[in-house]
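Topology and contacts: notes
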Amino acid sequence: MSRIEIIPAIDLIGGKCVRLTNGDYATEKVYSEDPVLVAKEFEEAGIQRLHLVDLDGAREGYVVNLPVLERIISQTNLAVDFGGGLSSDEDLKKVLNCGAKQVTGGSIAVRNTELFSQWLKTYGPDQIILGADVKGNRIAVSGWQEESSLILDSFLEEYLNKGVEYVICTDISRDGALNGPAVELYRELLAKFPKVKLIASGGVSCLDDIRELEEAGLYGVILGKAIYEGRIQLSDLVNQFVL
């Protein structure tokens, strides 16, 4: 059995479960009107973790889909990592008070280094995940609508030195494209930062992609579209990987 963490994703726009391709909001495809039902299906299959992304929040700069988080927390026992739109102490407290086990900060880590660093000190690296979303080798923000001047390696190094342990790294060119994950990129990052708990995101299309990521040393993998499009069955994930 594989040891890589399997983390299905639910992306939210307007309270619905959607997927984008390459972070382009114009490619929005709705997979379910009720994300809570999707979360329940994951749990019933044996899934234990969920990556919940507030795409409205990521674009607007504040948490929008908090009611969906509240419903998923109250109606399932999934360990939820929430990201998208976290830009203030108030946002963070609302999400954690709802019962999220972890939060992912991406844009906030770029735009307000002081605040994100304070979150790390206050809540610890087990609760605060660094989101590193890359276009080429530059960090993107605001729901991937803007490209910053920050280079991936230096961005990671800065925060690993400040105590970050968990990093979700998304290659935006692969997200939702079902064209395979950025395995070489992840290998390079793990060679430079061997202690990081690196979670792959973007491009996963089949079970072999997950096995390749495990062989490369990834801590975890986030997948969404491959499940929603029927490329990967939940039963196969449960049977072949340790959840």
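Going by the structure above, here's the rest.
Starting afresh in each chain, residues are numbered from 1 along the sequence in its written order. Only residues with pLDDT of at least 70 get local features here, since the model is predicted, and only at 80 or more are side-chain atom pairs given and counted; chain-wide, interface and lining totals rely on the full set of residues. Values shown for side chains rest on all heavy atoms present in the structure; no hydrogens or waters enter the calculation.

**Quick word on the overall build of the protein chain**
Helix and strand assignments follow DSSP, with helices taken as H or I runs no shorter than four residues and strands as E runs no shorter than two, numbered in order from the N terminus. Across its full length, the protein chain carries 11 helices and 12 strands. The C-alpha radius of gyration of the protein chain comes to 16 Å, within 12% of the 18 Å expected for a compact globule of 243 residues. For the protein chain, the C-alpha atoms occupy an extent of roughly 40 × 40 × 35 Å along the three principal directions. For every residue, the accessible area obtained with a 1.4 Å probe (protein chains only) is divided by the maximum for its type, and the residue is called buried under 20%, exposed over 50%, and partly exposed between those limits. Sorting the 243 residues of the protein chain into buried and exposed places 56% on the buried side. Two residues form a contact once any of their heavy atoms are found within 4.5 Å. A fraction of 67% describes how many contacts in the protein chain between residues 6 or more apart in sequence connect residues 24 or more apart. If you sum the accessible surface of the protein chain, you get close to 10,200 Å²; carbon and sulfur atoms cover 44% of it. Across the protein chain, the centroid of the 24 positively charged side chains sits 1 Å from that of the 37 negatively charged ones. Put simply, the radius of gyration uses C-alpha atoms, and a globule should come to 2.2 Å times the residue count raised to 0.38. Where accessible areas are quoted, they stem from the Shrake-Rupley method and a 1.4 Å probe; at the residue level, only the protein chains shown are allowed to cover. Only four residue types enter the tally: Lys and Arg on the positive side, Asp and Glu on the negative side; His and the chain ends are excluded. The location of each charge is read from NZ of Lys, CZ of Arg, CG of Asp or CD of Glu.

**Focus: the pairing of strand 11 (residues 197–201)**
Of all five residues in strand 11, four are buried; the element is thus mostly enclosed. By definition, two strands form a pair when at least two bridges between them are found by DSSP. Judged from the five bridges that link them, strand 10 (residues 166–171) and strand 11 form a sheet pairing that is parallel. Bridging across to strand 11, Ile168 finds its partner in Ile199. As paired elements, strand 11 and strand 12 (residues 220–223) share three bridges and run parallel to each other. Bridging across to strand 12, Ile199 finds its partner in Gly220. Assessed by its sense of winding, the connection that carries the chain from strand 11 through helix 9 (residues 207–216) to strand 12 is right-handed. A crossover gets the label right-handed when its path from the first strand over the helix to the second runs clockwise, viewed with the strands pointing away from the viewer.

**A few points about the packing of aromatic side chains**
Pairs were defined over the aromatic rings of Phe, Tyr and Trp, the Trp ring being its six-membered one, requiring ring centres within 6.5 Å. Orientation was assigned from the angle between planes: stacked under 30 degrees, edge-to-face over 60, tilted for the rest. Tallying each qualifying case throughout the model produces six aromatic pairs. On the numbers, 6.4 Å between centres and 40° between planes, the contact of Phe42 with Tyr228 is tilted. Of this pair, Phe42 sits in helix 1 (residues 35–45) while Tyr228 sits in helix 10 (residues 225–228); the two residues are 186 residues apart in sequence, bridging distant segments of the chain. Of the two residues, Phe42 and Tyr228, neither departs from the other in class, the shared state being buried. These aromatic residues form a ring-pair network of at least three members: Phe116, Trp119, Phe155 and Tyr159.

**Some remarks on helix 8 (residues 183–192)**
What helix 8 keeps buried is the set Val183, Leu185, Tyr186, Leu189 and Leu190. Burial along helix 8 is one-sided: seen end-on, the buried residues are contained in an arc of 160°. At its buried positions, helix 8 is contacted by strand 7 (128–135), helix 7 (152–161), strand 10, strand 11 and helix 9. The directions from the helix axis to the C-beta atoms form the arc being described.

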